Amino acid sequence: MPSFDQLTLTTPRLLLRPLRDADAPALFAIFSDPRVMRYWSTPPWPTLEEAHKLIARDVESMAAGKYVRFGMERLEDGQLLGNCTLFNLYEQCRRAEIGYGMSAAAWGKGYMHEALSAMLAYGFDEMALNRVEADIDPRNEASARSLERLGFKKEGHLRERWIVDGEVSDSGLYGLLRSEWKK
Ligand SMILES: CC(C)(COP(=O)(O)OP(=O)(O)OC[C@H]1O[C@@H](n2cnc3c(N)ncnc32)[C@H](O)[C@@H]1OP(=O)(O)O)[C@@H](O)C(=O)NCCC(=O)NCCS
């Protein structure tokens, strides 16, 4: 895989760009919010240190082409709204998994749809992916709607796959094929 550490994409309202250390406070504000983390695979971040660690890991891993994570910066005011990621890249099978999270204040305005559309276009067109997968908590209706709006199909339900802070939850598995993208 090529290096992703300089990669940026522009959408009508967003600049998608690598996270940098100065984003740590904004990132922490998003991922320490229990509303955002209700169905996440980890508990809300307890300290700002988590944000610094994620950004440091991104700088190294994206240079090595291990995954692509974009910070979503609103063009209008430069505010960081969230992030979206293509990870678990499996080159042989040309597949990847998608992940995303956004500040509660930005919900319901189509920002994530805009970001994910651009990231998927990059994945299918530039990385030549054949399949993108998502694993969500089936109770996460906003996330399911986001996936379905992009053309993902629900392909499976795995029981009791996650335990987060003692809470056991299932996985809803979704897939989007290259042949279905933007048809
Ligand atoms: C999942 C999550 C990103 C979805 O956010 P969202 O705001 O519903 O998604 P979008 O940004 O695509 O916006 C779509 C909504 O904006 C509305 N909207 C307004 N203007 C729009 C536009 N120009 N384009 C598209 N949608 C628009 C849509 O009608 C839709 O609302 P609806 O679902 O009530 O119909 C958000 O709920 C979140 O961050 N949750 C916490 C983290 C999380 O659970 N992540 C997923 C883990 S797998």
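Just so we're clear, the structure is a prediction, and the values are computed from it rather than from any experiment.

## Quick look at the overall build of the protein chain
Move 1: Of regular secondary structure, the protein chain possesses four helices and eight strands.
Move 2: The C-alpha radius of gyration computed for the protein chain amounts to 16 Å, which stays within 12% of the reference 16 Å derived for 183 residues, consistent with globular compactness.
Move 3: When its C-alpha atoms are laid out on the principal axes, the protein chain stretches across 40 × 40 × 30 Å.
Move 4: Residue burial in the protein chain is summarised as follows: out of 183 residues, 47% are buried.
Move 5: Counting only contacts in the protein chain whose residues sit at least 6 apart along the sequence, the fraction spanning at least 24 positions is 60%.
Move 6: Taken as a whole, the protein chain presents about 9,600 Å² of accessible surface, with 50% of it coming from carbon and sulfur.
Move 7: Averaging the positions of the 24 positive and the 27 negative side-chain charges in the protein chain gives two centres separated by 4 Å.

## Some points on helix 3 (residues 111–126)
Move 1: Given a rise of 1.5 Å per residue, 16 residues ought to cover 22 Å, and the 22 Å separating the end C-alpha atoms of helix 3 matches this to within 8%.
Move 2: The buried fraction of helix 3 amounts to 12 of the 16 residues, a majority that puts the element mostly inside the structure.
Move 3: At the exit of helix 3 stands A128, carrying a positive phi of roughly 60 degrees.

## Quick look at the site of the ligand
Move 1: What surrounds the ligand is a group of 19 residues, the closest being Y100, G108, M112, N140 and R145.
Move 2: The contact in question runs from an oxygen atom of the ligand to an N or O atom on the backbone of G110, over 3.1 Å.
Move 3: With respect to the ligand, the side chain of R149 contributes an N or O atom lying 2.8 Å from an oxygen atom.
Move 4: Burial of the ligand by the protein chains amounts to 73% of its free accessible area of 940 Å².
Move 5: Elements with a minimum of two residues in the shell around the ligand: strand 5 (95–102), helix 3 and helix 4 (141–149).
Move 6: With five residues, the top contributor of residues to the shell around the ligand is helix 4.

## Considerations on the side chain of S171
Move 1: Inspection of the secondary structure assignment puts S171 in strand 8 (residues 167–177).
Move 2: A distance of 3.3 Å separates a polar atom in the side chain of S171 from a polar atom in the side chain of R161.
Move 3: A polar contact of 3.0 Å, which involves the side chain of S171, links it to the side chain of W162.

Quick notes on the rules
Residues numbered from 1 in each chain as written. Predicted model: local features only at pLDDT ≥ 70, side-chain atom pairs only at ≥ 80, totals over all residues. Heavy atoms only, no water. Helix = DSSP H or I, 4+ residues; strand = E, 2+ residues; numbered from the N terminus. Rg over C-alpha atoms; globule rule 2.2 N^0.38 Å. Buried < 20%, exposed > 50% of the residue type's maximum accessible area, 1.4 Å probe, protein only. Contact = heavy atoms within 4.5 Å. Areas by Shrake-Rupley, 256 points an atom, 1.4 Å probe, with all protein chains shown as cover. Lys, Arg positive; Asp, Glu negative; His and termini not counted. Charge placed at Lys NZ, Arg CZ, Asp CG, Glu CD. Expected span 1.5 Å × (residues − 1). Near = heavy atom within 4 Å. Polar contact = N/O pair within 3.5 Å; in protein donor to acceptor, adjacent residues only side chain to side chain.

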